[in-house]
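Listed below, chain by chain, are the residues.
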Amino acid sequence: MIKDSCQKRSCKKALDNELIKVLLEIEDTFIAISATDARIELYKLIVCRFYQIKYSILVDSFSQLEQCLIKATTNWPNLSLDSSFSVTGTVCFESFKKLERFDITKTDFSVIEYVFEYLSTVSSKGNKGQFFTPRYVIKELIKPISLENDVQYIADPACGSGGFLSMISRYSNKKQLLFGFDYDSFAIRTAKLSSVLMEADINYLQIDSLNKNDNLLFNNNTICIEDYMKTKIKNFSGFDIIATNPPFGGLIKEKKIIQNFSITNGKNSTRDILFIERCFDLLKEQGKLIIVLPNSFFVDSSLEFQRKWLLTHYKVHGIISLHQDTFLPHTHQKTSVIFATKRYCKEIPQNDEIIFAISEKAGKDSKGKYIYMNTNIDTDLSEAMSKIHF
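Keep in mind that this is a model prediction, so the values were computed, not measured.

Cut-offs and rules
Residues numbered from 1 in each chain as written. Predicted model: local features only at pLDDT ≥ 70, side-chain atom pairs only at ≥ 80, totals over all residues. Heavy atoms only, no water. Helix = DSSP H or I, 4+ residues; strand = E, 2+ residues; numbered from the N terminus. Buried < 20%, exposed > 50% of the residue type's maximum accessible area, 1.4 Å probe, protein only. Axes fitted to C-alpha atoms, helices over the stretch in contact; angles between N-to-C directions. Parallel < 35°, antiparallel > 145°, perpendicular 65-115°, else oblique. Contact = heavy atoms within 4.5 Å. Nonpolar A, V, L, I, M, F, W, Y, C, P; charged D, E, K, R; others polar. Disulfide = S-S within 2.5 Å. Salt bridge = Lys/Arg side-chain N within 4 Å of Asp/Glu carboxyl O. Pairing = 2+ DSSP bridges. pLDDT = per-residue confidence, 0-100. Core = buried A, V, L, I, M, F, W, Y, C linked by side-chain atoms within 4.5 Å.

A. Focus on unusual backbone geometry. With a phi close to 50°, Ser80 is a non-glycine residue in the positive phi region. Its location among the elements puts Ser80 in the loop between helix H3 (62-75) and helix H4 (89-99). Using a relative accessible area of 46% as the deciding quantity, one classes Ser80 as partly exposed. In this structure, Asn235 is a non-glycine residue whose phi angle is positive, near 60°. Mapped onto the elements, Asn235 comes out in the loop between helix H9 (225-232) and strand S4 (239-244). Among the residues examined, Asn235 registers a relative accessible area of 67% and is labelled exposed.

B. Geometry of the packing of helix H2 (residues 38-55) against helix H8 (residues 185-198). As a packed pair, H2 and H8 sit with axes 12 Å apart at the nearest point and diverge in direction by 5°. Classified by the angle between their axes, H2 and H8 sit roughly parallel to one another. Here Arg39, Ile40, Tyr43, Ile46, Val47 and Phe50 of H2 lie close against H8, whose contacting residues are Phe186, Arg189, Thr190, Leu193 and Leu197. Here the residues of the contact of H2 with H8 are counted per class, giving eight nonpolar, one polar and two charged.

C. Local environment of the state of the cysteines. One pass over the structure, following the stated rule, counts zero disulfides. We note that Cys48 lacks a disulfide partner, and the nearest cysteine sulfur, in Cys68, lies 4.2 Å from it. Judged by relative accessible area, Cys48 falls into the buried class, the value being 0%.

D. Main features of the pattern of salt bridges. All told, the structure shown has 15 salt bridges when counted by the stated rule. Arg39 is the salt-bridge partner of Asp37, the closest N and O atoms lying 3.6 Å from each other. For the salt bridge of Asp352 with Arg343, the shortest nitrogen-to-oxygen distance reads 2.5 Å. Overall, Arg343 belongs to the buried group, its relative accessible area being 4%. Here the salt bridges share partners, and the residues they tie into one network are Lys212, Glu226, Glu277, Arg278 and Asp281.

E. Highlighting the sheet that holds S4. The mixed open sheet is built from eight strands, whose spatial order is S3-S2-S1-S4-S7-S9-S8-S10. Looking at the sheet topology across the chains shown, the edges are occupied by strand S3 (202-206) and strand S10 (355-358). Each strand of the sheet is rotated relative to its neighbour by a mean of 15°, with strand direction disregarded. Note that S4 and strand S7 (residues 283-294) share five bridges and pair parallel. Looking across to S7, one finds that Ile241 is bridged to Lys288. Most of the contacts of helix H13 (residues 304-313) go to strand S8 (residues 314-321), to which it runs at about 120°, and overall it touches S8 and strand S9 (335-342).

F. Representation of the pairing of S8 within the structure. In terms of residue burial, S8 counts as a mostly covered element, since seven of its eight residues are buried. Where S8 and S10 come together, four bridges link them in parallel fashion. For Ile320, the partnering residue across the bridge sits in S10 and is Ala357.

G. Spotlight on the confidence of the model for the protein. On average, residues of the protein score 85 in pLDDT, and 86% of them reach the 70 mark or higher. A low-confidence stretch, residues 1-9 (pLDDT under 50), is modelled with seven contacts involving residues beyond four sequence positions or located in other chains.

H. View of the nonpolar core. Among the nonpolar cores identified, the biggest contains 39 residues, and Phe181, Met229, Phe239, Ile276, Tyr314 and Ile338 are the most heavily contacted of them. Broken down by element, this core gets its largest block of residues, seven residues, from helix H11 (residues 271-282). Counting residues in hydrophobic clusters, the runner-up holds 36 residues, among them Phe248, Val292, Val337 and Leu381.

See below:
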């Protein structure tokens, strides 16, 4: 049985690698012919392939491919896609035919996500310090979360491709509402595609999550998350759970923004520090937080004030140090994950016990390729997570 499973896994891995290769080749082709946005055109082809499989549509010409895109954008309006291609007919249709070799409805969405993450990293995300969390890691990180009926609202204010929310949606019930926010439009597109394909009911919105309504960091809209939530839910008082991996890079120097975040202590700060405070703002009292942070937050002597701020505003239950290969092949960034509860407004911090754990197996090698033990990714995260309770 194990041998058969290993053989199936080996075949699937080879097929996934071939799909990744084809997708990146298509993107290169689109770039070569100066497509307006090669990523978006590739995205449209993937949407068409999913739609073709789901509804058994014949696509034997560029004209039929165009009709497929029109139907897909009509049936899936949340994807917010133009219903026409920017790439010339012959090139576009030939690229689509390459995709027809793969039944991507049976492919783990992480393969598609990997390609979009790679393209996003190459174009912009690497400069912003944002890297999507591997889904096998997310699966372990959310295990301590209790999804009982009293949990109503769950969010990720830096959702990227929607990994945390997609995984949580597998275990949530219909009474729980999930919300994802991100300033990157392409990340939101990827997250929406994931939710459509998984048939998961997740609300995604492109928004500047750091906006407190009296400052605007990225200048791409004028509302804050609280404003949006009040239009959706009457008497909204905060999220029950926030699980997020915020961007680490980008030093914020604007005085108006710095002065609006008490955690900065009036000094220039990186985005991840600001997200610690924004998550506090967005959580209801006793709300739960899972947040991935760079290891510099825990060891940098210049961040002592920020660490004290966190301990004053949150009750920290546990911290897990992730292996430095976790985010490969995109970065060697060493990170840790905090599991915490928002304190009551008048709660006096005590000498709370904090559980520390270290993951020594990333499930990847130094090149970012997965390492398997029999049929599972070889990671010790499950063992580390067994120590965390909150």
